[in-house]
Amino acid sequence: MMDTRIIPEGNMAEKAMPPAPHRSEKKAGSISAVARSAGIALLAAEVINGALFFIAKAIGVRFVVLAPNVPGLQAITIASVVAATAVGVVGAAAVFWITARFAKRPEIIFQGISFAVLLASFVPPLSLPPETGAAGKAVLALMHVAVAVTAVPLLLRTLRMR
């Protein structure tokens, strides 16, 4: 909303001037607002995926992959889970920031991109060797869902910040 102020120094003409922005206000979709939401999403997704990993390992779920240039099957470690989770959240934040900056309807476009990427992200876990087993593949796919359900809503929240 615009306020009307009288210009000093004898000029009695009124001029519409926008109110001065408050220092703590962040522009919706600003890099700092997106970074803050991405940081919160990263922390939440790491905790969820770490818990899923350790619970699954405790009940005997096997996570193995065929690594390039390494003979035999290699176990998926918590380090690889942490790294993959970070890649997912940071990637989502980058796509969100670009979408928020350039799209006319960033919320709908970002949700559509996120859903398509989530569906595509199920291909690698489902393509793992049979030794991983259905439970291992399901837990890995669930980790992808955890990244999406933490990152997407928190990033979209920055569009509603004013």
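Our structure is the block above this text.
The numbers attached to residues start from 1 for each chain and follow its sequence in the written order. Restriction of local features to residues with pLDDT of at least 70 applies here, the model being predicted, together with a cutoff of 80 or more for giving and counting side-chain atom pairs; totals for whole chains, interfaces and linings are based on all residues. Water and hydrogen atoms play no part in the side-chain values, which are based on all heavy atoms of the structure.

Participant: Which parts of the structure should I look at to understand the side chain of K137?
Facilitator: Locating K137 in the fold gives a position in helix 5 (residues 133-160). Definition of a polar contact: a pair of N or O atoms within 3.5 Å, with one able to donate and the other able to accept a hydrogen when the atoms are protein atoms, and with sequence-neighbouring residues admitted only if both atoms are side-chain atoms. A polar contact of 3.1 Å, which involves the side chain of K137, links it to the backbone oxygen of L128. Per the convention used, a helix needs a DSSP run of H or I reaching at least four residues, while a strand needs a run of E reaching at least two, with both numbered from the N terminus.

Participant: What is the right way to look at the packing of aromatic side chains in this model?
Facilitator: Remark: the centre distance and the inter-plane angle together describe each pair of aromatic rings, the angle taken between the planes. Between the rings of Phe, Tyr and Trp (Trp by its six-membered ring), a pair exists once the centres lie within 6.5 Å; its type follows the angle of the planes, with under 30 degrees stacked, over 60 edge-to-face, and the other angles tilted. A complete count under the given rule lists 3 aromatic pairs for this structure. Arranged with centres 5.1 Å apart and planes meeting at 75°, the rings of F96 and F110 form a pair that is edge-to-face. In this pair, F96 is assigned in helix 2 (residues 78-102) and F110 in helix 3 (residues 106-121), connecting sequence segments 14 residues apart. On the basis of relative accessibility, which here comes to 1%, the residue F110 falls in the buried class. Here the aromatic residues F53, F54 and F63 are joined through ring pairs into a cluster of three or more. Burial here depends on accessible area, computed with a 1.4 Å probe over protein chains only, as a share of the maximum for the residue type. Under 20% is buried, over 50% is exposed, and the range in between is partly exposed.

Participant: When you look at the pattern of salt bridges in this model, what are you seeing that I'm missing?
Facilitator: Here, a salt bridge means any Lys or Arg side-chain nitrogen found within 4 Å of an Asp or Glu carboxyl oxygen. If you walk through the whole model with that rule in mind, you get 1 salt bridge. Put simply, E107 and R160 hold a salt bridge, and the shortest N to O gap is 3.2 Å. Here the residue E107 occupies a position in helix 3, and R160 occupies one in helix 5, the gap between them amounting to 53 residues. Under the relative-accessibility criterion, E107 is labelled partly exposed at 32%.

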